[in-house]
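Descriptive analysis of the structure
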Amino acid sequence: MGVIANKMGLQVNPTAKESIAKKINTQKNNIVYDTKELNLWYGHTHALKNINLEIHEKEVTAIIGPSGCGKSTYIKTLNRMVELVPGVRTTGSISYKGNNILGKTMKVEDLRTKVGMVFQKPNPFPKSIYENIAYGPKIHGIRNKKLLDQIVERSLRGAYIWDELKDRLNENAFGLSGGQQQRLCIARALAIQPDVILMDEPTSALDPKSTLKIEELVQELKKDYSIIMVTHNMQQAARISDRTAFFLNGEVVEFDNTNKIFSNPSDKRTEDYISGRFG
Amino acid sequence: MQKISEVKQEAIHVSEIIAQNKQKKNVSNLVEKWIPTILFLLASITILTTLGILYTLLSQAIQFFRAVPIWEFFTGAVLKPLSQNPEFGILPLINGTLISTAIAMLVAGPIGLMSAIYLSEYASEKVRRVLKPLLEILAGIPTIVYGFFAFTFVTPLIRSIFPEVGATNILSPGLVMGVMIIPMIASLSEDAMTSVPNAMREGSLAMGATKLETTFKVVIPAAFSGIIASFVLGISRAIGETMIVTIASGSSKNFTFDITQSMQTMTAYIVEVAGGEAAAGTTIYYSLYAVAITLFVFTLLMNLFARYISRKFREEY
Amino acid sequence: MIKQFDETQLKNRMNSRVRNNRIWKFIFFLSTLFGLFVLAILMIRVVMDGISFLHMDFLTGRLSTDPDRAGIMGALLGTVWVVLVVIPVTLIVGVGTAIYLELYAKRGKFKSFIETNISNLAGVPSIVYGLLGLTVFVRMMDFGNVVLAGGLTLSLLVLPILIVSAQEALRAVPGHLAEASYGMGATKWQTIRRVILPAALPSILTGSILSLSRAIGETAPLTVLGIPALLIPFPEGLFDTFTALPMQIYYWTLDSSLVAEYANLAGATIIVLLALLFLLNSVAIFIRNKFQHRY
């Protein structure tokens, strides 16, 4: 795939941001992730049961459900971070733009380069703000100082935090507030221009004001990126997502347009959860 | 440079640059592939060390046991390596080792444990923060310095009170070794005692028990295996200690229980023979390996025993 | 109402119990001070013995049988040369082993075998390492009793300490830092080299300095290697014979029964050795405090 990308990169108009893979699979243009009959076990615990989900491009897909329902596990399967836990087994398939990411030929590093992730707790590196953003480009072999400067600026602008931080680029990222740290982490994910951004309860450790800023940011980012967001906060899902999946006990109970889910759910359990009867 | 001007005009295409870089990163792929092997080889050096020790001790000790029957060595009460008719009995050395260890533990055991009680149960956080690092200094002083102290200060001091004590004797190094081991026992016992849950203490204190009663009836029984483990490690340390006894206890190979006399420990014997004129290949030379393997087995058993006890202890709460 | 306890008896008993508590508290306190008391005497004794002999000529002078002319430059240089072997060897092998155990080795029998082996090695008496060095480095590899043989022997001796402290340092790096790196498509080694190691570095350095100070003070293995304290030329390389500060102290202490001033020379050398260790430990504490609470 890389070879093709390289060749195409020389021929195709460089302003087209879309990845090459997408052009090859035009017939699935709208679907980024197609999950089919996914099962996942942690040792003997059956954490995900027969998941079927289609995730669409340049939309915000929210994943809701009570704690322990498998929503975090699912999102971490999408960039195979779930493998950091020893003893994980999967069956079924998840195709990302036509390639099965659970297959043996998929290099996780390549996948994760295309699929960025933002975590529950802001996790900047104990480095300067600049180095935090430059980390991704650097590990992928970008050494040019001027180019790195541009990437840093562009990424911070993309996360709407440039104005706050432009004079503090050499300060340690730990000096930032929690909300700023999280937006820095989003900027860090943007630095390598992924196609998809996974967000695992990105606002759960933040105050309401910072939460609002992140939500606004997500609305902006959706123009260029496909976003999949796990959230424990149903209002948040209702406010910012286009589609919502409701997970319960490792199964997808319902997956539909957000409006439909929150106004007229077809499953009784979804209704119970949304109206706050459990979870 | 051309690339930069390009990206300045257009938007930056990081993802494409990255895709191109991925083609070139053969070197780092190679690194990624070989690193685990390299690290594994480094880790196996520790295993090689153990094998090296076993090989060294066994191969040379076998040479010794060709000349001296193993039974005679372990039951012989006479050690005269340099005599016309040399005799190689290890018992005088084991005797010297055990006596110096016993003296050391008589000092380090009670004082170490009482220090642990003070630090864990009585001392305020402020006092603890001053006393603990000071005790750690004691643990960080090289043993050669303790040897010097035993030989040039403690022995003359003892002799000024009891003139019949020899210029080299087992008592003085035993006592100094005890001081050296205090911090080890104090800190390990303290760890065991502080890990006793506070709820247990509170249960006792709430019934009107004093701190002393709580310490002896609740905390120490609960931390008992940890305390025992610290004593066993202290004993192992005393058995393996070399310089203090080498300097201050002399090299008499008499089988005696008189602590005012010079006695030789296993470790001191090894220093004497290795540093002496004994040529490689002689029975005397090989004898130090036979002594060393005995020492090695002694300390290994102690360490395994201590680990066994403290592992059991971990399951208690 | 039935009176269960006689009030006055209870009160008397209580008084004596409280008194006991107070008395024992004092005894426990004295016990804690005992070690420090001995430490103080030891220090005073060493300084009193050594200070009058501690002058510039002593530091820069060559070894001599004449106490007034004797110096420890040779021993100082020997210690420095040994340190130059110990630092790289223990850092590379120790940190490498710790990374392997914490980040690569799968949990299981092999890992626990290596870890058990390391903790057993930590309990092997230092003199046994001396015999290992004598047999393997001095005789088998035929280095002779040179800097390299001494340095490698001491490296093996302190390696278990360094490995365990480096493992703790690596374990203390929060997992979410590594996750962030993996999440951007970094490989395992990139994540270790650029995120985990830098975050663990201060603790690793602290542990490495502490194990180094253990190596500097060790005497027993060197006596077995046959390290002399004679009039030998200053060491200039890895394959030169050498002596070290603790060996110098050892020989002077032994011979102090022959020439009384040798005890003073030993005292002066001890001051130098302790000052060196104090310096190293201060650096370790400085690093620890400076970089604490970073995440």
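Residues numbered from 1 in each chain as written. Chains lettered and ligands numbered in written order. Predicted model: local features only at pLDDT ≥ 70, side-chain atom pairs only at ≥ 80, totals over all residues.

**Some words on the overall build of chain A**
Along its length, chain A carries 12 helices and 10 strands. Counted over contacts in chain A with a minimum sequence separation of 6, partners at least 24 positions apart contribute 68%. (Helix = DSSP H or I, 4+ residues; strand = E, 2+ residues; numbered from the N terminus. Contact = placed C-beta atoms within 7 Å.)

**Section: the packing of helix α3 (residues 73-104) of chain C against helix α10 (residues 245-255) of chain C**
All names here are of chain C. For the pair α3 and α10, interaxial distance at closest approach is 7 Å and the crossing angle is 140°. On the basis of their axis angle, the class for α3 and α10 is oblique. Between α3 and α10, the residues in contact are Ala-75, Leu-76 and Thr-79 and Leu-245, Met-247 and Gln-248, respectively. When its residues are assigned to classes, the contact of α3 with α10 shows four nonpolar, two polar and no charged. (Axes fitted to C-alpha atoms, helices over the stretch in contact; angles between N-to-C directions. Parallel < 35°, antiparallel > 145°, perpendicular 65-115°, else oblique. Nonpolar A, V, L, I, M, F, W, Y, C, P; charged D, E, K, R; others polar.)

**Comments concerning the pairing of strand β8 (residues 226-230) of chain A**
Residues and elements named next belong to chain A. Burial within β8 is extensive, with five of its five residues counted as buried. Residues Ser-226, Ile-228 and Val-230 line one face of β8 and the alternating positions Ile-227 and Met-229 line the opposite face, and both faces are buried. In this structure, strand β3 (residues 60-64) lies alongside β8, joined through four bridges in parallel fashion. Residue pairing across strands places Thr-61 opposite Ile-228, the latter belonging to β8. Inspection of the sheet shows strand β7 (residues 196-200) paired to β8 by five bridges, in the parallel sense. Bridging across to β8, Asp-200 finds its partner in Val-230. In this view, the connection linking β7 to its parallel neighbour β8 by way of helix α9 (residues 208-221) has right-handed handedness. (Buried ≥ 20, exposed ≤ 12 C-beta atoms within 10 Å, placed from the backbone. Pairing = 2+ DSSP bridges. Right-handed = clockwise from strand over helix to strand, strands pointing away.)

**A word on the interface of chain C and chain B**
By a widespread convention, an interface's size corresponds to the accessible area lost as its parts come together. Tallying the contact residues gives 64 residues for chain C and 63 residues for chain B. When its residues are assigned to classes, the side of chain C that touches chain B shows 40 nonpolar, 21 polar and three charged.

**Here we look at the confidence of the model for chain C**
All names here are of chain C. When pLDDT is averaged along chain C, the result is 89, and 96% of the positions lie at 70 or above. Ranking the helices and strands of chain C by mean pLDDT puts helix α6 (residues 147-171) first, with 95, and helix α2 (residues 56-60) last, with 83. Scored as a complex, the prediction yields pTM 0.86 and ipTM 0.91. (pLDDT = per-residue confidence, 0-100.)

**Structural notes on the domain arrangement of chain C**
Residues and elements named next belong to chain C. The domain boundaries assigned to chain C delineate domain 1 (7-53) and domain 2 (59-290). When each unit is reduced to the centre of its C-alpha atoms, the spacing between domain 1 and domain 2 is 36 Å. Contacts between the two partners involve seven residues from domain 1, matched on the other side by seven residues from domain 2. For the side of domain 1 that touches domain 2, the residue count by class is four nonpolar, two polar and one charged. (Domains from an automatic or database assignment.)

**Examining the pairing of strand β10 (residues 251-257) of chain A**
Residues and elements named next belong to chain A. Here strand β9 (residues 243-248) pairs with β10 via six bridges, running antiparallel. Looking at β10, one finds that Thr-244 is bridged to Asp-256. Connecting β9 to the antiparallel partner β10 that follows it, the hairpin turn spans two residues, and Asn-249 within it adopts a positive phi of roughly 50°.

**A short note on the confidence of the model for chain A**
Considering every residue of chain A, the mean pLDDT works out to 85; 89% of them sit at 70 or more. Confidence over residues 1-29 of chain A falls short of pLDDT 50; this stretch has 30 contacts with residues more than four positions distant or in other chains.

**Considerations on the sheet that holds β9 of chain A**
Residues and elements named next belong to chain A. Strand order in the open sheet formed by six strands is β6-β7-β8-β3-β9-β10, and the pairing between neighbours is mixed. If you trace the sheet from one side to the other, it starts and ends with β6 (115-118) and β10, each paired once. Averaged over neighbouring strand pairs, the angle between their axes works out to 15° when direction is ignored.

**Re helix α11 (residues 224-240) of chain B**
The first and last C-alpha atoms of α11 of chain B sit 25 Å apart over 17 residues, in line with the 24 Å expected at 1.5 Å per residue. In terms of residue burial, α11 of chain B counts as a mostly covered element, since 15 of its 17 residues are buried. (Expected span 1.5 Å × (residues − 1).)

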